Amino acid sequence: MLSATGLRAQSLPAAARATDAGLAGWMTAWSPLAPIADLPRIIPRAAPLADLLGAPPPSVGLFWVAGTPAALGFEVGTRRGQLHAALAGDDGSYRRALDPTGVSVTQLSGIGWQPVGGRGAAVGRVVLEQEVQGSAAQGGVLQPFGSDPFVITDTTLPQVRRLGTRLEGALGWRFGSWGAGIAGAVFIEDHRTRNARLPRLGKATTPAAALGVSRDLPWAAARLSIFARWIGGNETLILRALAGPGRVYLLDGYSDPDPQDIQPLNAFLRRTERDALAWGLGASGTLAGASWVAYAQRTRRTDNHFSARIENPPTDRWHAAGSAYGLAFQWPLPRYDLYVTAEWHLDRLTGDATRADLTGVIFRATESVSHLTADVRYLPASAWAVAATFVLVRESRRREDFIAETYTDLKAWTPGLGVEVARAFGANAVSAGYAIAAYEPSGGIPNPSTMGPIYQQLIAPEQSLYATGAQPTRATLTLRHTFPSGTALLLTARRESVGAGGDVLTTTFPYAPKGSRTLWDVSLGVVIGQ
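Residues numbered from 1 in each chain as written. Predicted model: local features only at pLDDT ≥ 70, side-chain atom pairs only at ≥ 80, totals over all residues. Heavy atoms only, no water.

## Quick word on the nonpolar core
Phase 1 of the analysis: Ile152, Leu239, Val248, Ile262, Phe268 and Leu458 are the most contacted members of the largest nonpolar core, which totals 60 residues.
Phase 2 of the analysis: A per-element tally of this core places helix α4 (residues 453–466) first, with 7 residues.
Phase 3 of the analysis: Counting 26 residues, the second largest nonpolar core, distinct from the first, contains Ala55, Ala170, Val293 and Ala328. (Core = buried A, V, L, I, M, F, W, Y, C linked by side-chain atoms within 4.5 Å. Buried < 20%, exposed > 50% of the residue type's maximum accessible area, 1.4 Å probe, protein only. Helix = DSSP H or I, 4+ residues; strand = E, 2+ residues; numbered from the N terminus.)

Below is the structure:
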């Protein structure tokens, strides 16, 4: 959906990510729930904005950039807490077949960090949300657009109500030049249909954990860390045929699957068990007055899908392995009142899918996403502040179906620019921002006219959207009042839109996307500490 917060933060359902307190990306990049060896496909987004009134300048360190909790005790020296309540909406005709027609979200969230004792620090975060989706063909799976090709769909288009809870936190300690830390998280979701002929009931639990050890070196403020992170969990979906027979399709790529009929008063079960692991090495230090961070990780992921309620059931399996790399620099230039931060991240994977009833690999994905961001802030000793954000995203996705004997091979560049201006009036302040981007794809997709009816109905619209240029925009307005105690009250309104614009690959007709999609959200927040 339009409402993902970015390629490196895909761990919540569609619109839930839109209202995730509007937090700056660096404030949540440490999350143990960040995807491992999974690169979900998202609708094009405009460049992010700096959030001059709602967030401090980005922090560059091993914890905030690489996510190793071993560095937390060294990198948190102040106390800060934020609480937010938000409402959001997301709708429009620019969508994929498995996207709901519209989404509304109500969310409460909070994040905070502070030193603990004289040698430690802690950070925690909670998100409570309710999401109501309009009609959609996908069967309620948590992430229908992930790298894993196995997705369940049915022939009904009901409304879906989701309830989600996300809890996560980290602790870090210093022992002289050594550091150690642990982090844990869980995301729990319950979703069910409303007034459906084929009711769906789904539950998902996703636990995660991370740990790390670091050591300071005696030159250039250098620090090394080894760290590992694990994500597990399971997802269960039950469809019951109450008002008549039902039909389910288990998509596994681009070939049309055989339908599975559910007879009246019977049920269909689909369960997914996931296991993912990342491990790596990170380093940080200073160079010519700049702080820097670098990391490298190996990643792997296995998803097992089955329906039989027996021991050792026949299992469809997705296994992916890959790597992740990142660099970050930060230059404070007080002479010019400038604060410059730049980050680059690259995630790559290769995954194979196998089916229990067939021999060999049926589907293969080779994907990579790189994300380059620059944040430049002009913070003079006056009532004004200005920030500019530059983004360049490159995606490369080759997805091969060995049953259908076809493939997609798409590459895309998405450059973007955002500008935000803030002005203080005593205890009050206001900021406004605007961002644009241009999604520019190239490559090829299967000719829909040569594919089956299920592909044409459910997959061709999605592939055509990715093969069509787009021009997303974003606008924000924030009001802030600061009380004498230092506590601040924030009111933020945001609107995003995206529609087709630019080049269209010839094979997308007549499935090229039409119209536009709009996201809006309004949040009220309280900030304690700095």
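From this point on, the discussion continues.
## What about the pattern of salt bridges?
Phase 1 of the analysis: Going through the model one piece at a time under the given rule, you end up with 32 salt bridges.
Phase 2 of the analysis: With a shortest N-O distance of 3.8 Å, Arg162 and Glu131 are connected by a salt bridge. With Arg162 in strand β5 (residues 159–175) and Glu131 in strand β3 (residues 120–133), this residue pair connects regions lying 31 residues apart in the sequence. Per residue, the accessibility class of Arg162 equals that of Glu131, and both read buried.
Phase 3 of the analysis: Arg398 is the salt-bridge partner of Glu400, the closest N and O atoms lying 3.7 Å from each other. (Salt bridge = Lys/Arg side-chain N within 4 Å of Asp/Glu carboxyl O.)

## Here we look at the environment of Ala412
Phase 1 of the analysis: With respect to the element layout, Ala412 can be found in strand β18 (residues 406–425).
Phase 2 of the analysis: Residue Ala412 is classed as buried on the basis of its relative accessible area, which comes to 5%.
Phase 3 of the analysis: Separated by 55 residues in sequence, Ala412 and Ala467 place their C-alpha atoms 8.7 Å apart.
Phase 4 of the analysis: Once residues lying within four places of it in the same chain are set aside, the contact partners of Ala412 are Val393, Arg394, Glu395, Tyr439, Glu440 and Pro441. (Contact = heavy atoms within 4.5 Å.)

## A few points about the sheet that holds strand β10 (residues 246–251)
To summarise the sheet geometry, strands pair through backbone hydrogen bonds and adopt either a parallel or an antiparallel arrangement.
Phase 1 of the analysis: Strand order in this open sheet of 3 strands is β4-β10-β11, and the pairing throughout is antiparallel. The two strands at the open ends of the sheet, each matched to only one other strand, are β4 (151–154) and β11 (260–262). Recorded for the sheet is a direction-independent mean angle of 30° between the axes of neighbouring strands.
Phase 2 of the analysis: Summarising the sheet, β10 and β11 pair through 3 bridges and their orientation is antiparallel. Counted as the bridge partner of Arg247 is Asp261 from β11. (Pairing = 2+ DSSP bridges. Axes fitted to C-alpha atoms, helices over the stretch in contact; angles between N-to-C directions.)

## Describing the confidence of the model for the protein
Phase 1 of the analysis: Taken residue by residue, the protein gives an average pLDDT of 90. The fraction at 70 or more is 93%.
Phase 2 of the analysis: Predicted confidence is poor over residues 1–21, with pLDDT under 50, and the contacts of this stretch with residues over four places away or in other chains come to 88 contacts. (pLDDT = per-residue confidence, 0-100.)

## As for the environment of Trp64
Phase 1 of the analysis: By the secondary structure assignment, Trp64 is in helix α2 (residues 62–66).
Phase 2 of the analysis: Residue Trp64 is classed as buried on the basis of its relative accessible area of 4%.
Phase 3 of the analysis: Expressed as a C-alpha distance, the spacing of Trp64 and Arg517, which sit 453 residues apart in the sequence, is 32 Å.
Phase 4 of the analysis: If sequence neighbours within four positions are ignored, Trp64 has contacts with Trp26, Met27, Ala29, Trp30, Ser59, Glu75, Val76 and Trp113.

## Some points on the side chain of Arg301
Phase 1 of the analysis: Looking at the secondary structure, you find Arg301 in strand β13 (residues 290–306).
Phase 2 of the analysis: At a separation of 3.2 Å, a polar atom in the side chain of Arg301 contacts the side chain of Asp303.
Phase 3 of the analysis: Leave out the neighbours within four places in its chain, and Arg301 touches Ile36, Ala37, Asp38, Arg274, Asp275, Ala276, Trp318, His319 and Ala320. (Polar contact = N/O pair within 3.5 Å; in protein donor to acceptor, adjacent residues only side chain to side chain.)

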